[in-house]
Amino acid sequence: MITGQTLRDAILSGANNIANQRTRVDELNVFPVPDGDTGTNMSLTMHAAAQELQKRSPATVDLASSITASALLRGARGNSGVILSLLFRGISKELKAQRERREAAEQARKEAEAAAERERHLFAHYVGPVTPLSTQQRVQFQPEPPTPRPLQLELDEQRVLLEAMSDEFDVS
């Protein structure tokens, strides 16, 4: 992951490299005006950004790009310097927008968690705290064993059942 410090160091390195290659870029110069100073102008423009970044230690990528874009615009030399500053301005704006989207998503996540937490405690809010019964206070249900039936009662029931099922039913 790129940090503000990493981007700062990369821009300082880029400023150093364009300064070292200034004359080669001047020789390539054909656009927008073939005047042979593109390398010089880009080097001076990047030098302005490097000076500003050396004074600070940006904590975030969007802060490092914002400092760079602002310094490039103020220190722009020639058309190439202005174009370079506009390029960094676009990068800076997009990085800021990405940070704002991340922060908004994080805020929405926190709000959703808070709402869910409030909902979990809604009953307690309206009813008050509810303390569960302790296990010692609970009554254990144990069905009572059936009352023993006298043997004669069972024998009488069997005899009536057998008579009801038989073909020869005596009503007398």
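Residues numbered from 1 in each chain as written. Predicted model: local features only at pLDDT ≥ 70, side-chain atom pairs only at ≥ 80, totals over all residues. Heavy atoms only, no water.

## Some details on the overall build of the protein
- Helix and strand counts for the protein come out as 7 helices and 0 strands.
- The C-alpha radius of gyration computed for the protein amounts to 44 Å, which surpasses the reference 16 Å derived for 172 residues by more than 25%, pointing to a less compact arrangement than a globule.
- Along the first, second and third principal axes, the C-alpha set of the protein runs to 140 × 45 × 25 Å.
- By the burial criterion, 23% of the 172 residues in the protein qualify as buried.
- Of the roughly 13400 Å² of accessible surface on the protein, 57% is carried by carbon and sulfur atoms. (Helix = DSSP H or I, 4+ residues; strand = E, 2+ residues; numbered from the N terminus. Rg over C-alpha atoms; globule rule 2.2 N^0.38 Å. Buried < 20%, exposed > 50% of the residue type's maximum accessible area, 1.4 Å probe, protein only. Areas by Shrake-Rupley, 256 points an atom, 1.4 Å probe, with all protein chains shown as cover.)

## Side note on the pattern of salt bridges
- Counted according to the given criterion, the structure contains 10 salt bridges.
- With a closest N to O distance of 2.3 Å, Arg-109 and Glu-106 form a salt bridge. Linking Arg-109 with Glu-106, this pair stays in helix H5 (residues 78-120), spanning 3 residues, or about one helical turn.
- A relative accessible area of 38% places Arg-109 in the partly exposed class.
- For Glu-117, the salt bridge is made with Arg-120, and the minimal N-O distance between the two is 2.3 Å. Separated by 3 residues within a single helix, Glu-117 and Arg-120 lie in helix H5, roughly one turn from each other.
- One salt-bridge network, in which partners are shared between bridges, spans Glu-52, Lys-55 and Arg-74. (Salt bridge = Lys/Arg side-chain N within 4 Å of Asp/Glu carboxyl O.)

## Some points on the packing of helix H3 (residues 38-54) against helix H4 (residues 61-74)
- Interaxial distance between H3 and H4 falls to 8 Å at its minimum, and their mutual angle equals 135°. In terms of orientation, H3 lies oblique with respect to H4. Classified by chirality, the crossing of H4 by H3 is right-handed. Residues Thr-45, Met-46, Ala-48, Ala-49, Glu-52 and Leu-53 of H3 pack against Ala-64, Ile-67, Thr-68, Ala-71, Leu-72 and Arg-74 of H4. (Axes fitted to C-alpha atoms, helices over the stretch in contact; angles between N-to-C directions. Parallel < 35°, antiparallel > 145°, perpendicular 65-115°, else oblique. Left-handed = near helix turned anticlockwise from the far one by under 90°. Contact = heavy atoms within 4.5 Å.)

## A few points about the nonpolar core
- By size, the foremost hydrophobic cluster in this structure holds 15 residues, and its most contacted members are Ile-11, Met-46, Leu-53, Leu-72, Leu-84 and Phe-88.
- Contributing elements (two or more residues each) for this core: helix H1 (4-20), H3, H4 and H5.
- Leave out the neighbours within four places in its chain, and Leu-53 touches Arg-8, Ile-11, Leu-12, Pro-58, Ala-64, Ile-67 and Thr-68. (Core = buried A, V, L, I, M, F, W, Y, C linked by side-chain atoms within 4.5 Å.)

## A closer look at the side chain of Asn-41
- As for its position among the elements, Asn-41 is in helix H3.
- Overall, the relative accessible area of 11% leaves Asn-41 in the buried class.

## Comments concerning the environment of Ile-83
- Note that Ile-83 resides in helix H5.
- Separated by 34 residues in the primary sequence, Ile-83 and Glu-117 have C-alpha atoms spaced 51 Å apart.

## A short note on the environment of Asp-62
- In this structure, Asp-62 sits in helix H4.
- Residue Asp-62 is classed as buried on the basis of its relative accessible area of 11%.
- Along the chain, Asp-62 and Ser-85 lie 23 residues apart, while their C-alpha atoms are 15 Å from each other.

## Considering H5
- Spanning 43 residues, H5 covers 63 Å between terminal C-alpha atoms, matching the ideal 63 Å at 1.5 Å per step.
- Taken as a whole, H5 has its buried residues at Ser-80, Gly-81, Leu-84, Ser-85, Phe-88, Ser-92 and Ala-97.
- In this fold, the buried residues of H5 make contact with H1, H3 and H4. (Expected span 1.5 Å × (residues − 1).)

Honestly, it's all geometry; don't read function into it.
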